[in-house]
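Working through the structure, step by step
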Amino acid sequence: MSYDPNNIFAKILRSELPCAKVYEDNQTLAFMDIMPQKQGHTLVIPKEPAETLLDLSPEAAANLINKVQTIAAAVKTAMQADGITIFQLNGAAAGQTVPHIHFHIIPGSILEAKTHASTMADPEELNKVAKLIAQAL
Ligand code: 5GP
């Protein structure tokens, strides 16, 4: 397994870059996507260094999906969404742009969402939405 310790999410995990944090524990970090496809677009990442789901230990994978379930419920409540989209890309050939495994949580349908990683959001707005989701946890 190759893992680039200088990828953007590794830097966020080391607090070298800021993020609009939703949730953190000793194994997991959840924060707002900087280029949200919809308001409330949240990323959930493990602290274990792994590029794709296939590189993650089974224990970390089990913990991660549990956290995704909990945080998705909070996103759904906070954003008053009727449905929720969860997706996860593995490898550049699959469209993955940041080589640290992450789940995307998007309120509602992705069919009405903006193009992947296309439009930067206002950091203040991201912090406001992160707070709303954290309060729903
Ligand atoms: P991927 O294409 O790897 O599945 O998704 C990477 C996601 O990370 C994209 O949705 C993109 O908008 C987001 N992203 C890229 N750089 C940053 C960053 O520096 N901070 C945050 N919070 N999100 C980022």
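Figured I'd write up the structure that's included with this text.

So, how was this worked out
- Residues numbered from 1 in each chain as written.
- Predicted model: local features only at pLDDT ≥ 70, side-chain atom pairs only at ≥ 80, totals over all residues.
- Heavy atoms only, no water.
- Near = heavy atom within 4 Å.
- Polar contact = N/O pair within 3.5 Å; in protein donor to acceptor, adjacent residues only side chain to side chain.
- Areas by Shrake-Rupley, 256 points an atom, 1.4 Å probe, with all protein chains shown as cover.
- Helix = DSSP H or I, 4+ residues; strand = E, 2+ residues; numbered from the N terminus.
- Nonpolar A, V, L, I, M, F, W, Y, C, P; charged D, E, K, R; others polar.
- Buried < 20%, exposed > 50% of the residue type's maximum accessible area, 1.4 Å probe, protein only.
- Contact = heavy atoms within 4.5 Å.

What to know about the site of the ligand
- If you check the shell around the ligand, you find 18 residues, and the closest are M32, D33, T97, H104 and H116.
- Within the backbone of G95, a nitrogen or oxygen atom sits 3.3 Å from an oxygen atom of the ligand.
- Considered on its own, the ligand offers 510 Å² of accessible surface; in the complex 92% of this is hidden by protein.
- No other element matches helix α1 (residues 8-13), which puts three residues into the shell around the ligand.
- Of the residues that constitute the shell around the ligand, the class distribution is 11 nonpolar, six polar and one charged.

Comments concerning the side chain of N7
- The topology assignment puts N7 in the segment before α1.
- With a relative accessible area of 3%, N7 lands in the buried category.
- Within the structure, the side chain of N7 is placed 2.9 Å from the backbone nitrogen of F9, a separation counted as a polar contact.
- Here N7 is in contact with V98, P99 and H100, once residues within four sequence places are set aside.

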